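A closer look at the structure
Take a look at the letters that make up each chain.
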Amino acid sequence: MQLYPKIITDALATVTYAGTKKNIIDSGLLADQPKVTCVNQGTPDELWSVEVVLSFQKETDPFWRSTVKAAEAAINYHVKQMAEELGETDFVFDLIVSQEFKQQPRPEDDKLLPGVKNILAVSSGKGGVGKSTVSANLAISLARMGYSVGLLDTDIFGPSIPKMFNVEDERPYAIEKEGRQLMVPVEQYGVKLLSIGFFVDRNTATLWRGGMACSALKQLIGDTDWGDLDFLILDTPPGTSDIHLSLLQTLAITGAIIVSTPQQVALADAKKGIDMYTNDKVNVPILGLIENMAYFTPAELPENKYYIFGKEGCKTLAKEMNVPLLAQIPIVQSICEKGDQGIPAALDVASPTGQAFLALAQSVITVTNRRNAEAPKTERVHTH
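This text gives an overview of the structure that appears in the document. (Residues numbered from 1 in each chain as written. Predicted model: local features only at pLDDT ≥ 70, side-chain atom pairs only at ≥ 80, totals over all residues. Heavy atoms only, no water.)

This next bit is on the nonpolar core. Among the nonpolar cores identified, the biggest contains 81 residues, and Phe165 and Ile233 are the most heavily contacted of them. Looking at this core, the element that brings in the most residues is helix α3 (residues 131-144), giving 7 residues. Every residue in contact with Ile233, bar those within four places of it in the chain, is listed here: Leu120, Val122, Ser135, Leu138, Ala139, Leu142, Val149, Gly150, Leu151 and Leu152. Counting residues in hydrophobic clusters, the runner-up holds 26 residues, among them Tyr17, Ile24, Val52 and Ala71. (Core = buried A, V, L, I, M, F, W, Y, C linked by side-chain atoms within 4.5 Å. Buried < 20%, exposed > 50% of the residue type's maximum accessible area, 1.4 Å probe, protein only. Helix = DSSP H or I, 4+ residues; strand = E, 2+ residues; numbered from the N terminus. Contact = heavy atoms within 4.5 Å.)

In structure tokens form, the structure reads like this:
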């Protein structure tokens, strides 16, 4: 019996690749023409061998192993059936189906972001305290001071950064770099931005289990060309969740910044956020607290301060936890309005709110430099 490459490709055409719902040939997975060779053809010692290489986009393709096995089974069945039709029931051949990957694997977690000097997690114990607003304005203020800054929206289920930066319609594009396809962050107001909000329908709920959300987050971190950054700001989801654990396992976070309002219910949750970072298994330094919505000053009475949510609750907590109080941000209607319009308040550096966020950025720089001088580099959380 004579074997030809077409016999092998006909067999592969019967195998469906789950990633495209098309067969292996139509999916473009066959790296090259099957290699069919024969030793001592026409003699009793005749030996045929077949080599097939299937090419997948990346090693994390969930279907590559099952596809390789299905290809092996299809070739064996197809050749055996042809041999039986020709009456050569004792026909044997060697088959090797191997795989290659077009994209190089993602670097190990410890080597993910070699060009990023400081990774700061902006967190809150509960939602609604203005954490994303603080993250956005802090990032812009740092950029305005001449630092290279990235902002990663890690809230997979409630991303808000695209709206705050007026880039909801933007879509990151990909480049090839060192054998890998990497996303390029969207740039706005001098800040490199990435969010799951760029990839999902803004009007549809993201109904993902924790594992899917964490996998998407790792892609945003590790499959992105962040380049060289002085600061990468992580706008984290409220509370403590799978996302936080995934971040701690993936990145060596320089320090955490806790945002809270002065009211007691928010402060109680802020303590839980502090404990998440400072417990023995994590050991991420708390760089400081930010008291948001600290007080309200009406425009017609600029000297008056009304403590709607309580007075200096974060200041008291900061003293109790022995961490700096980085800023007290007042309730200002324009902060909310400008955030909704995609024009963060920090862009107006001459305004009182713009100055407040610049002062916050300077405080963050000071505590980060102090932390780096006095404490060893944070280690990722390792699970066993």
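On to the sheet that holds strand β14 (residues 286-296). An order of β10-β11-β7-β12-β6-β13-β14-β15 is seen for the 8 strands of this open sheet, with the pairing classed as mixed. If you trace the sheet from one side to the other, it starts and ends with β10 (186-188) and β15 (325-331), each paired once. Going from strand to strand, the sheet's axes swing by 25° on average, the running direction of each strand aside. Running over the sheet, helix α5 (residues 210-222) touches β7 (149-153) and β11 (191-195) and is turned about 170° from β7. (Pairing = 2+ DSSP bridges. Axes fitted to C-alpha atoms, helices over the stretch in contact; angles between N-to-C directions.)

Inspection of the entire model under this criterion finds 7 salt bridges. Note that Asp235 and Lys131 form a salt bridge whose closest N and O atoms lie 3.1 Å from each other. On the criterion of sequence distance, the pair formed by Asp235 in strand β12 (residues 229-235) and Lys131 in helix α3 is long-range, its members being 104 residues apart. With its nearest N and O atoms 3.0 Å apart, the salt bridge here joins Asp225 to Lys177. Of the two residues, Asp225 sits in the loop between α5 and β12 while Lys177 sits in strand β8 (residues 174-177), which places them 48 residues apart along the sequence. Using a relative accessible area of 35% as the deciding quantity, one classes Lys177 as partly exposed. (Salt bridge = Lys/Arg side-chain N within 4 Å of Asp/Glu carboxyl O.)

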